[in-house]
Amino acid sequence: MPRKKDQRDRSAARRRLAKERGWTYTDWHPERLQLCAGPLGVDAEKAMALDAVSGTLDGHWFSVFDCVTDDPSAARTVYLVQLPAVLPLVAVSRHSLAVDTIVPLLKRRVAERPDRHLYELGDPVYDAVHVVESVDPETAARLLTPAVREFADDRRWLEWQVDGGYLFYAEPAGPRRGKDDANAVLTELRSLVDLVEVMDPGLWGETAAAVRGVGDGRTGAQKVPGDAGGEMADPVRGTVSDAVPPAGAQSAPGPDRGPSTMVRGGPAHTGVYPKGTLPSGFEAWSVRLPDAVVAAPAVCAGTVYVNCSDGRCYALDAVTGAARWSFDAVGALKETPAVAGGTLYVVGESGVLHAVGAADGQERWRQRVGHSGAPVVADGLLYVVHHPANLLRDASRIRALDAATGEERWERRLPDGSAAAAAVADGRVYVQGARAQLTAFDAVSGEELWHQGSTASQLSCCTPSVAHGMVCAGTGAGQLYAYDAATGEQLWGAQAAGVVDNTPALTEGLVFVGDSHGGVYAVDGNDGGLLWHLPNRYGASSPAICGSSGWIVSTKYGRRLFKISLSAGVVLWRHALDGRGTNPVYADGVVYVGTHAGTVLAVDAETGHKPARARRNLRV
């Protein structure tokens, strides 16, 4: 009975995915299994391919289905992407178990075929093994290029296999999930599709005609046995060329023209917002989105941009909460977007950075950057910090891209992993690593200016903030440090009760910071002396500051929004939230906050009065 219920739930989830995306669904698809039964190690006559969803994604035909055998514990979900040409097998491993098992098996398999050759490359920095089986040394060399290896190391796949013109990944054998997470499925499919895009174009030869509705000339959909009439559904949306817009395309507005905002208000992440007056006709409101909101919204020019875990970025009217548009990035969005010069920059768990028109939600370009922190824009450049899978073992990279085109200007390797975003001020870029190492780079050239080492063992996830010639950052051990922004010399240090992962707020010689289980601290910016402490055993978020007031999210599970006095450290009002809240954001007399329950809340910053019943839980 449990197995039958699991199968019914999976079928229903796949049907919903197909209906939402305009793709095809088939209960039983024996022909699909024929394509990869050999590499999967199953008997195509005895195994079954169930609950198959098929369609086109970015111009590539794909399918996701379940390979089921007589043994329930051996059921596997298979992701299949059709390639424009037959390629050799590629295996990429970052796990010792795979290195000890898969690689020897591949070597044995190739040794049994005298016409094939095995090429192997070990990368001690990434602790990875890359293996290519090929009859062509030139092809093998292309598949072992650094660009492909870095892309591979950024994915969680254990192994890629190319067989018979198809690239596929099979989840490890085991009990199937009760319900498909549509976002996770799309992220996994996009990862496979993007692998095709990363390869040297010369490896693929000429592509087929473009799919109707996809105007970029990529591989068109092809008929596959078993699909009704061989017809493929149109893709969800057309794709735009990576990094550089096509010739004749309308250029985006200049990245330095017009209003801008991003995580913590600006590229320096001070958390200080300009004073504004309440918009005419504003009434407090709350909007309910389909999934959790785990990153603070970005508010710019009367629009609230919210990244949601359902993989979409929503643009809401700042006064009414009405939806203006949404952009589907495919893959959960868990970082605050950036807005500059009429362009919105969004990066998600799929590892793709999207540049989207802030007014219309239309994609202008995309660039693969890997799993990264919140994007930061300053002086026409866009900075992203790559987050490796293992922060304490693997190194990170910071990349500077042209904000108008996505073209890379420079890239630098950090001395350790990072779980933070970059901070930019006065022509310098600052990045803190997972072991609290702080590095400064020249914003234009990428030249390293100084490095402040650390031997901390606790994980640090704090994004630095910069103001008045001082850089502030917290550590996993609860320290708050201030450094000279020009030289890297440590100016002072202070100790909090809990972990300081939240970005400090800096204003007029004062530093405000929330920790994990101590509350909010006000510190003298000259010497680090404690001015006041608002205790809370559940800690506090990064403060949003405007004038003499600040707003924080605190209490158990972060379920309350507070307004506090910055001079005395006392609570002025509080507002209950329906779930764990994000960092608050201030704009034009309104405070905005998102919650893990999927709610976006907007209240009067002065009064904090809750929305009227008719203005609560509006739907997009």
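It should be emphasised that the depicted structure is a prediction, and the values quoted were computed from it without experimental measurement.

Rules used throughout
Residues numbered from 1 in each chain as written. Predicted model: local features only at pLDDT ≥ 70, side-chain atom pairs only at ≥ 80, totals over all residues. Heavy atoms only, no water. Helix = DSSP H or I, 4+ residues; strand = E, 2+ residues; numbered from the N terminus. Buried < 20%, exposed > 50% of the residue type's maximum accessible area, 1.4 Å probe, protein only. Contact = heavy atoms within 4.5 Å. Areas by Shrake-Rupley, 256 points an atom, 1.4 Å probe, with all protein chains shown as cover. Phe/Tyr/Trp six-rings, centres within 6.5 Å; stacked < 30°, edge-to-face > 60°. Pairing = 2+ DSSP bridges. Axes fitted to C-alpha atoms, helices over the stretch in contact; angles between N-to-C directions. pLDDT = per-residue confidence, 0-100. Core = buried A, V, L, I, M, F, W, Y, C linked by side-chain atoms within 4.5 Å. Salt bridge = Lys/Arg side-chain N within 4 Å of Asp/Glu carboxyl O. Polar contact = N/O pair within 3.5 Å; in protein donor to acceptor, adjacent residues only side chain to side chain. Disulfide = S-S within 2.5 Å.

Quick look at the overall build of the chain now. Helix and strand content of the chain: seven helices and 43 strands. For the chain, the proportion of its 620 residues judged to be buried stands at 58%. Put simply, 54% of the contacts in the chain that link residues at least 6 apart link residues at least 24 apart. Carbon and sulfur atoms make up 51% of the accessible area of the chain, which totals about 24,700 Å².

This part takes up the packing of aromatic side chains. Going through the model one piece at a time under the given rule, you end up with ten aromatic pairs. With centroids separated by 6.2 Å and ring planes inclined at 35°, the aromatic side chains of W410 and F441 adopt a geometry described as tilted. Here W410 is found in strand β23 (residues 408–413), whereas its partner F441 is found in strand β26 (residues 438–442), with 31 residues between them in sequence. Here the two residues W410 and F441 agree in accessibility, since each one is buried. The interplanar angle of 25° and the centroid separation of 5.2 Å between the aromatic rings of W551 and Y586 together place this pair among those described as stacked. You can see W551 sitting in strand β37 (residues 549–554) and its partner Y586 sitting in strand β40 (residues 585–587), a full 35 residues away along the chain. A relative accessible area of 1% places W551 in the buried class. An aromatic cluster is defined as three or more aromatic residues linked by ring pairs; in this entry it consists of Y383, W410 and F441.

In terms of burial, β26 is largely enclosed, as four of its five residues are buried. Inspection of the sheet shows strand β25 (residues 428–432) paired to β26 by five bridges, in the antiparallel sense. Each bridged residue has a counterpart across the sheet, and for Y430 the counterpart in β26 is A440. The turn joining β25 and β26, which pair antiparallel and follow one another in sequence, is formed by five residues; a positive phi near 70° is taken by A436. Looking at chain direction, β26 and strand β27 (residues 448–452) are connected through four bridges and run antiparallel. Looking at the pairing, A440 lines up with W450 of β27.

A separate point is the sheet that holds strand β36 (residues 544–546). The sheet built from four strands is open, its strands ordered β36-β37-β38-β39 with antiparallel pairing. Only two strands of the sheet have a single neighbouring strand rather than two, namely β36 and β39 (571–576). On average, adjacent strands in this sheet sit at an angle of 20° to one another, irrespective of strand direction. When strand β38 (residues 560–565) meets β39, the two strands line up antiparallel, connected through five bridges. For L561, the partnering residue across the bridge sits in β39 and is H575.

With 74% of its residues at a pLDDT of at least 70, the chain reaches an overall mean of 80. The secondary-structure element of the chain with the lowest mean pLDDT is strand β8 (residues 161–163), recorded at 50, while strand β41 (residues 590–594) shows the highest, at 98. Scored below 50 in pLDDT, residues 155–160 shows 32 contacts in the model against residues more than four places distant or in partner chains.

Bringing the sheet that holds β25 into the picture now. With antiparallel pairing, the four strands of this open sheet are ordered in space as β24-β25-β26-β27. Each end of this open sheet is capped by a strand with a single partner; those strands are β24 (423–425) and β27. Taken pair by pair, the neighbouring strands of this sheet meet at an average axis angle of 20°, ignoring direction. Pairing of β24 with β25 involves three bridges; the strand directions are antiparallel. Bridging from a neighbouring strand, V424 pairs with V429 of β25.

Let us look at the nonpolar core. When a protein is soluble and globular, its nonpolar side chains tend to lie buried together. Counting residues in each nonpolar core, the largest one holds 34 residues, and the members touching the most others are W285, L289, L316, W551, L561 and Y592. Residues A338, V377, V384 and A443 belong to the second largest nonpolar core, which totals 29 residues.

The subject of this paragraph is unusual backbone geometry. Although it is not a glycine, D426 sits at a positive phi angle of roughly 55°. Structurally, D426 can be placed in the loop between β24 and β25. For T555, which is not glycine, the phi dihedral falls at a positive 70°.

Summed over the entire model, instances satisfying the criterion amount to 13 salt bridges. The salt bridge partner of R399 is E408, with a shortest N-O separation of 2.6 Å. When salt bridges that share partners are traced, they join R10, R14 and D66 into one network.

Let's shift gears to the side chain of N536. You can see N536 is positioned in the loop between β35 (530–535) and β36. With a relative accessible area of 18%, N536 lands in the buried category. Each residue touching N536, except ones within four places of it in the same chain, is listed here: H517, G518, G519, S554 and T555.

Here we come to the pairing of strand β19 (residues 363–368). Counting buried positions along β19 gives five out of six residues, so the element sits mostly inside the fold. In this sheet, β19 lies alongside strand β18 (residues 352–357) in antiparallel orientation, the contact comprising five bridges. Within β19, the position partnered with V356 by the bridge is E363. The turn joining β18 and β19, which pair antiparallel and follow one another in sequence, is formed by five residues; a positive phi near 75° is taken by G361.

Turning next to the environment of D402. Note on placement: D402 falls in strand β22 (residues 397–402). Using a relative accessible area of 12% as the deciding quantity, one classes D402 as buried. Those residues within four positions of D402 in sequence are excluded, and the remaining contacts are W365, G380, L381, E407 and R409. Of the polar contacts made by the side chain of D402, one reaches the backbone nitrogen of A404; its length is 2.8 Å.

Let us now look at the environment of R435. Positionally, R435 belongs in the loop between β25 and β26. Relative accessible area serves as the criterion here: at 27%, R435 is assigned to the partly exposed category. R435 sits 21 residues away from A456 along the chain, and the two C-alpha atoms are 5.2 Å apart. What R435 contacts, discounting residues up to four positions off in sequence, is L392, D416, S454, A456 and S457.

This part is about the state of the cysteines. Using the criterion set out here, one finds zero disulfides in the structure. C308 provides the cysteine sulfur closest to C313, a residue in no disulfide bond, and the two sulfurs are 9.6 Å apart. For the unlinked cysteine C472, the closest cysteine sulfur is that of C462, found at 9.1 Å. Taking the relative accessible area as the measure of exposure, C472 reaches 0% and is therefore buried.

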